[in-house]
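The chain contents come next:
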Amino acid sequence: MRRTVFNEDHEAFRETLRAFIEAEVVPVHEEWFAAGQVPREFYYKLAELGLFGISVPEEFGGAGIESHKFEAIQYEETARAGVSFGGSGVHVLLALPYIKALGTDEQKKRYLEKFVSAEEMWALAMTEPGTGSDLAGMKTTAKLSEDGTHYVLNGSKTFITGGVHADRVIVCARTSAPTADDRRFGISLFAVDTKSEGYSIGRKLDKLGLKTSDTAELAFVDVKVPVEDLLGEENKGFYYLGSNLPSERWGIAYGAYAQAKAAVRFAKEYVQDRTVFGKTVASFQNTKFELAACQAEVDAAEAVADRALEALDAGELTAAEAASAKLFNTEVAHRVIDKCLQLHGGYGFMNEYPIARLYADNRVNRIYGGTSEVMKMIIAKNMGL
């Protein structure tokens, strides 16, 4: 089926990005996988390529392009090559929207030029031990000092992607107690400098997948955060977080589609080369039927991903639509990648094959950004159920 979401400029970007991945990422990705993270210096190369400034306003050193289509191409090309850019995805997809939407002119001037150049890498810290998806139950606090010059931050966060390399982290913390009729009230967002006294990185978490992505625990002990680093209004953080969830969930949905598409490519190449009982694996009817079914599912996921992308760019993607796209595409990717691994036989279980890593990486898609069960609750509520 012919796609209509990308134009000539997008395809030119795709060619540039594919060449960059082949030259700068593929040769060293094995080293990154073994190390459990990409080198911090690699982010400067991404910045030189312009990836961090695509949607940043021109006055702050960006290209000023208000579109997620270049991000979509990054999902497709990294999945196609079986590689990752580490934890840098949160820098643009998760952190940047808050800076753009909530930052004052002074904050944007102070933050964005360093953001574009990778001098400062950003992460987002929401989840806490024991709270999971229940953000309203967070315990981290930020108390305003008596002289009103800074907040004192105390608490901890976990599962923070990009947390090891981050220079600034948007930390969600309680500035007021919840009200009797609104337990979501009282959360605020802060752009915390990771060099601050009392800020510390705990364990670099050992994950099932996403091995090149640095994911960490963070701790705050009497960290002084200047009032100039409060993002948006005090006590409205929960609502700010909710406004960005459709974009975040679109990203997961699109990434899952890209992974499923890559899995079919890996499996097709493998079964055409692999010989058993004197015949290629591709020549067996079961192989053809399995891959055909996988391709049909990928086609459907692509249509869902592209539709959500167009709605997001138009500012029309609703919470329920984003939840539906995430639920459908992550479940499709789960089924497709599992079948494609099966077609690899025993080699599919070996990390030297990209399908094995893809299988492990994909599993978290049905968990983070809201579990599949939470997505069903959102969709059902939108249905009036």
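Data block above holds the structure.
Overview of the structure.

What counts, and at which threshold
Residues numbered from 1 in each chain as written. Predicted model: local features only at pLDDT ≥ 70, side-chain atom pairs only at ≥ 80, totals over all residues. Heavy atoms only, no water. Helix = DSSP H or I, 4+ residues; strand = E, 2+ residues; numbered from the N terminus. Buried < 20%, exposed > 50% of the residue type's maximum accessible area, 1.4 Å probe, protein only. Pairing = 2+ DSSP bridges. Arc of directions from axis to C-beta. Contact = heavy atoms within 4.5 Å. Salt bridge = Lys/Arg side-chain N within 4 Å of Asp/Glu carboxyl O.

## A look at unusual backbone geometry
Right, on to step 1. One non-glycine residue, Asn-235, adopts positive backbone phi at about 75°.
Right, on to step 2. In this structure, Asn-235 sits in the loop between strand S8 (230-231) and helix H7 (237-273).
Right, on to step 3. On the basis of relative accessibility, which here comes to 10%, the residue Asn-235 falls in the buried class.
Right, on to step 4. Non-glycine residue Phe-277 carries a positive phi angle of around 55°.
Right, on to step 5. With respect to the secondary-structure elements, Phe-277 resides in the loop between strand S9 (275-276) and strand S10 (279-280).

## A look at the pairing of strand S1 (residues 122-125)
Right, on to step 1. Side chains Trp-122 and Leu-124 of S1 all project onto a buried face; the interleaved residues Ala-123 and Ala-125 project onto the opposite face, where all are buried too.
Right, on to step 2. Bridge count between S1 and strand S4 (residues 168-174): 4 bridges; the pairing is parallel. Within the sheet, the bridge partner assigned to Trp-122 lies in S4 and is Arg-168.

## A look at helix H3 (residues 42-49)
Right, on to step 1. Those residues of H3 that sit buried are Phe-42, Tyr-43, Leu-46 and Ala-47. Along the axis of H3, the buried residues cluster in a sector spanning 150°; they form a single face.
Right, on to step 2. Where H3 is buried, its residues touch helix H1 (8-25), helix H2 (29-35) and helix H6 (105-117).
Right, on to step 3. Note on H3: the residue one or two positions beyond its end, Gly-50, has a positive phi of about 95°.

## Let's talk about the pattern of salt bridges
Right, on to step 1. Per the stated rule, a full pass over the model turns up 23 salt bridges.
Right, on to step 2. Notably, a salt bridge pairs Lys-236 with Glu-233, separated by 3.2 Å at the nearest N-O pair.
Right, on to step 3. Judged by relative accessible area, which is 37%, Lys-236 ranks as partly exposed.
Right, on to step 4. Of the residues examined, Glu-233 reaches a relative accessible area of 46% and is grouped as partly exposed.
Right, on to step 5. Several salt bridges converge on common partners, so that one network encompasses Arg-3, Glu-11, Arg-14, Arg-18, Glu-76, Glu-77, Glu-302 and Asp-306.

## So, helix H11 (residues 372-382)
Right, on to step 1. Among the residues making up H11, those that are buried are Ser-372, Met-375 and Ile-379. The buried residues of H11 occupy an angular sector of 55° when the element is viewed end-on, so they sit on one face. Across H11 from its buried face, at more than 90 degrees, point the exposed residues Glu-373, Met-377 and Lys-381.
Right, on to step 2. Looking at the packing, one finds that the buried side of H11 touches H7 and helix H9 (319-343).
Right, on to step 3. Count one or two residues on from H11 and you reach Gly-384, which has phi positive near 85°.

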